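Residue-level structural notes
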Amino acid sequence: MRPRVIVIGAGAAGMMAAGTAGENGCDVILIERNQKCGRKLMITGKGRCNVSNKCKTVQELIDNVPGNGRFLYGAFSKFMPCDLVDFIESRGVPLKVERGNRIFPVSDKAADIVDCFAAYAGKYSRVVTGRVKELIINDACVSGVKLKSGETLAADKVIIATGGLSYPATGSTGDGYGLAEQAGHTVIDTAPSLVPLEIHEGFCSELMGLSLRNSAIKVIDAKRSDKVIYQDFGEMLFTHFGVSGPMILSASAHMRDMERGRYRISIDLKPALTPEQLDARILRDFSENTNKNFINALDALLPKKLVPVIVKLSGIPLNLKVNQITREQRAKLVSLLKNLTVTVTGFRPVDEAVVTRGGVSTKEINPSTMESKLVKGLYFAGEVIDVDAYTGGFNLQTAFSTGRLAGISVSEV
Ligand SMILES: Cc1cc2nc3c(=O)[nH]c(=O)nc-3n(C[C@H](O)[C@H](O)[C@H](O)COP(=O)(O)OP(=O)(O)OC[C@H]3O[C@@H](n4cnc5c(N)ncnc54)[C@H](O)[C@@H]3O)c2cc1C
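Calculation rules
- Just so you know, the residues in each chain are numbered from 1, in the order the chain's sequence is written.
- Where totals are concerned, whole chains, interfaces and linings use all residues; where local detail is concerned, this predicted model gives features only for residues with pLDDT of at least 70, and gives and counts side-chain atom pairs only at 80 or more.
- With hydrogens and water stripped out, all remaining heavy atoms of the structure feed into the side-chain values.
- Strand pairing is assigned whenever DSSP detects at least two bridges linking the two strands.
- Starting at the N terminus, helices and strands are each numbered in turn, a helix being any DSSP run of H or I of at least four residues and a strand any DSSP run of E of at least two.
- Axis geometry follows a simple rule: fit a line to the C-alpha atoms, using only the stretch in contact for helices, then measure angles between N-to-C directions, giving values from 0 to 180 degrees.
- Put simply, buried Ala, Val, Leu, Ile, Met, Phe, Trp, Tyr and Cys residues joined by side-chain atoms within 4.5 Å make one nonpolar core.
- Here the term buried applies to any residue with accessible area under 20% of the maximum for its type, exposed to any over 50%, and partly exposed to those in between, with areas from a 1.4 Å probe on protein chains only.
- Here, two residues are considered to be in contact whenever any of their heavy atoms come within 4.5 Å of each other.
- Here the term patch refers to residues with relative accessible area over 30% and no salt bridge, with like charges joined within 9 Å and nonpolar side chains (Val, Leu, Ile, Met, Phe, Trp, Tyr) within 5 Å.
- Here the accessible surface of atoms and residues is derived via Shrake-Rupley with a 1.4 Å probe, and residues count as covered only by protein chains that are part of the display.
- For this analysis, a salt bridge means a side-chain nitrogen from Lys or Arg found within 4 Å of a carboxyl oxygen belonging to Asp or Glu.
- The scheme is simple: roughly parallel for angles under 35 degrees, roughly antiparallel for over 145, roughly perpendicular for 65 to 115, oblique for anything else.
- Here is the rule for handedness: rotate from the far helix to the near one, and if that takes an anticlockwise turn smaller than a right angle the crossing is left-handed, while a clockwise turn gives right-handed.
- The directions considered for the arc run from the helix axis to the C-beta atoms.
- For the purposes of this description, domain bounds are those given by an automatic or database domain assignment.
- Simply put, the buried area is the total loss of 1.4 Å probe accessible area from both parts when two parts are fitted together.
- Under this rule, positive means Lys or Arg and negative means Asp or Glu; His and the chain ends count for nothing.
- Polar contacts, as counted here, are pairs of nitrogen or oxygen atoms within 3.5 Å of one another; within protein the pair requires one atom able to donate a hydrogen and one able to accept it, and residues that are adjacent in sequence qualify only if both atoms are side-chain atoms.
- Proximity is defined per residue: any heavy atom of the residue falling within 4 Å of a molecule or strand makes that residue near it.
- Each residue gets one label: Ala, Val, Leu, Ile, Met, Phe, Trp, Tyr, Cys and Pro are nonpolar, Asp, Glu, Lys and Arg are charged, and the others, such as Gly, are polar.
- To estimate how far a helix should reach, multiply one less than its number of residues by 1.5 Å.

1. Things to note about the sheet that holds strand S7 (residues 132-138)
Strand order in the open sheet made by the three strands is S7-S8-S9, with antiparallel pairing throughout. Every other strand in the sheet has two partners, leaving S7 and strand S9 (152-154) as the edge strands with one partner each. Within this sheet the neighbouring strands show an average axis-to-axis angle of 30 degrees, counted without direction. Here strand S8 (residues 141-147) runs beside S9; their pairing, made up of three bridges, is antiparallel.

2. Some remarks on the sheet that holds strand S4 (residues 95-98)
Taken in spatial order, the three strands make up an open sheet running S3-S5-S4, and their pairing is antiparallel. Because the sheet does not close on itself, it has two edges, and the strands there are strand S3 (52-53) and S4. The sheet contact formed by S3 and strand S5 (residues 102-105) spans two bridges and is antiparallel. In the strand pairing of S5, Asn 53 is matched with Arg 102.

3. Quick notes on the nonpolar core
Residues Ile 88, Phe 117, Val 145 and Phe 400 are the most contacted members of the largest nonpolar core, which totals 82 residues. The residues contacting Ile 88, other than those within four sequence positions of it, are Val 51, Val 93, Leu 95, Ile 113, Cys 116 and Phe 117. The next biggest cluster of nonpolar side chains, apart from the first, holds 49 residues, and it includes Phe 238, Leu 301, Val 311 and Leu 337.

4. Points about a nonpolar patch on the surface
On the surface, Met 42, Ile 43 and Tyr 167 cluster together into a nonpolar patch covering about 270 Å² of accessible area. Checked against the element boundaries, Met 42 lands in helix H2 (residues 39-43). Using a relative accessible area of 39% as the deciding quantity, one classes Met 42 as partly exposed.

5. Side note on the packing of helix H1 (residues 12-23) against helix H13 (residues 394-411)
Running from N to C, H1 and H13 point in directions that differ by 30 degrees, and their axes come no closer than 7 Å. Classed by the angle they form, the pair H1 and H13 counts as roughly parallel. Crossing hand, H1 versus H13: right-handed. Residues Ala 12, Ala 13, Met 16, Ala 17, Thr 20, Ala 21 and Glu 23 of H1 form the contact with H13, whose own contacting residues are Leu 396, Ala 399, Phe 400, Gly 403, Arg 404, Gly 407, Ile 408, Val 410 and Ser 411.

6. Remarks on helix H5 (residues 81-89)
Where H5 is concerned, the buried positions are Pro 81, Leu 84, Val 85, Phe 87 and Ile 88. Considered in projection along H5, the buried side chains sweep an arc of 160 degrees and stay on one side of the axis.

7. Description of the pattern of salt bridges
Here the structure, examined in full by the defined rule, presents 17 salt bridges. Here Lys 96 makes a salt bridge to Glu 98, at a shortest N to O gap of 3.3 Å. By relative accessible area, which is 23% here, Lys 96 ends up partly exposed. Of the charged contacts, one joins Asp 268 and Lys 338 as a salt bridge, the two residues approaching to 2.9 Å between their closest N and O atoms.

8. Focus on the domain arrangement of the protein
By a widespread convention, an interface's size corresponds to the accessible area lost as its parts come together. According to the domain assignment, the protein contains domain 1 (4-190 + 355-411) and domain 2 (196-347). Summarising the inter-unit geometry, the C-alpha centres of domain 1 and domain 2 are found 40 Å apart. In this complex, domain 1 contributes seven residues to the contact, which on the side of domain 2 involves six residues. Roughly 580 Å² of surface becomes buried between domain 1 and domain 2 when both sides are summed, with 38% attributable to carbon and sulfur atoms. Ranking the residues of domain 1 by area buried against domain 2 places Arg 357, Tyr 390 and Thr 391 at the top, with a combined share of 66%.

9. Topic: the side chain of Glu 201
Relative to the helices and strands, Glu 201 is located in the loop between strand S12 (197-199) and helix H8 (203-206). Among buried Asp, Glu, Lys and Arg side chains, Glu 201 stands out as unpaired, with Arg 264 the closest opposite charge at 7.9 Å. At a separation of 2.8 Å, a polar atom in the side chain of Glu 201 contacts the main-chain amide nitrogen of Thr 343.

10. Some thoughts on the pairing of S4
Bridge count between S4 and S5: four bridges; the pairing is antiparallel. Following the sheet pairing, Glu 98 is matched in S5 by Arg 102. In this structure, the hairpin formed by S4 and S5 is closed by a connection of three residues, where Gly 100 is found at a positive phi of approximately 75 degrees.

11. Side note on the site of the ligand
Around the ligand, a shell composed of 35 residues is seen, among which Glu 32, Ser 172, Asp 175, Glu 383 and Leu 396 lie nearest. At 3.1 Å, a backbone N or O of Ala 12 approaches an oxygen atom of the ligand. Contact with the protein chains covers 95% of the free accessible surface of the ligand, which is 1000 Å². Breaking the shell around the ligand down by element, the ones donating at least two residues are H1, strand S2 (27-32), H2 and H13. Here the shell around the ligand takes four residues from H13, the largest share from any one element. Partitioning the shell around the ligand into residue classes produces 14 nonpolar, 15 polar and six charged.

12. With respect to the packing of helix H10 (residues 275-287) against helix H12 (residues 327-338)
Look at H10 against H12: their axes get within 10 Å of each other, and the N-to-C directions meet at 120 degrees. As the angle between them shows, H10 and H12 are arranged oblique. In the packing of H10 onto H12, the handedness of the crossing is right-handed. Along its contact with H10, which presents Pro 275, Leu 278, Asp 279, Ile 282, Leu 283 and Phe 286, the element H12 presents Arg 330, Leu 333, Val 334, Leu 337 and Lys 338. Counted by class, the contact of H10 with H12 contains eight nonpolar, no polar and three charged residues.

13. Focus on H13
For H13, built from 18 residues, the straight-helix expectation of 26 Å at 1.5 Å per residue is met to within 8% by its first-to-last C-alpha distance of 26 Å. Summarising burial for H13: 17 of the 18 residues are buried, a large majority.

Next comes the structure, spelled out in structure tokens:
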């Protein structure tokens, strides 16, 4: 008889798991609480879906998963980025590789990826709308699920693919943690990762809405003798609470032990120029504006919003004529522009994060199959597991690889 499989959650991991299990001969029901599959997938990569990263080795992938990367060895080995690319392209969605080896659909439309996986899941499983409330477990063996509506569905195997806690409006509200606990699993405390940062310095709110496209940052860890633990070049944004934007989200994943004041971010507003070149540039600007006040002489150098903030922080009187500015004052200005430092006071809440850290303990899941070590026939896939990766397509690759492995494993008797 064909094994009856229930997959809970039609996100990236669940759709892949359901399709794979069905294609491998199982009788599959995919249960999704939303009317539509893949709501989170739809908003990934700002609607473009950074579906994976063109890593060639398993180790490269693991290096980009700071949260329990080694646990994913089996899943990645079974289903690498090249396999995912073949999988998607063979279903009619061409992909392209961008900066940082990030893989996107050529169409720049996440909807194409959602459609591809929804079609795969729909072909090989029965997709049902409903919210799973409870697992049915007898003698440490799963035998079905109970829905919120009261309906029960029998199964030989159940895959939990309910995602994490971030962006709860997409349906990922952490239900899987409760289901796992019901099965006796340990859920490691959840926390936000890839998340905007709250900053002590008040000038961030004055800069609210300002986006810096070509800046560089360094993250400094005071607890490790001011070691630079991360650096990046790209885009960031000031907000009413602090800082956000792609570079900041990536940086946040490196702040593994958030403590108020432990991490500082040094922002280089002019990364293309050495301090000497920047000083020469400022001198040139000043010589073209000799009779102007300091506050009116920085417009060519900086975005308008930044000028009053930099003037204030420089300590140079705003009405000083530029031809009266001393070499020392200029040196201070250069150092400020190359090293505008802010102090991190905390993460924004998990519902604003791109991914959730923590989740079902990897110690209680067999990494070769994704099966629970505690309850026979119970499997996990995707973000519900205590794994989290950096930006660049690694979180989706993790969801697809674990979904694939769980889908294959349930079909092996
Ligand atoms: C704004 C944003 C942008 C992102 N961009 C990228 C990106 O470009 N690249 C990348 O690699 N990663 C990205 N991520 C992260 C990535 O989207 C997630 O890591 C990934 O979607 C996790 O997949 P999943 O299948 O485990 O969970 P989800 O995609 O969260 O799917 C879980 C599904 O389970 C359903 N569900 C939950 N509880 C129940 C229940 N009780 N019963 C039935 N159904 C249930 C939910 O409705 C949901 O559809 C982004 C995340 C966000 C929030």
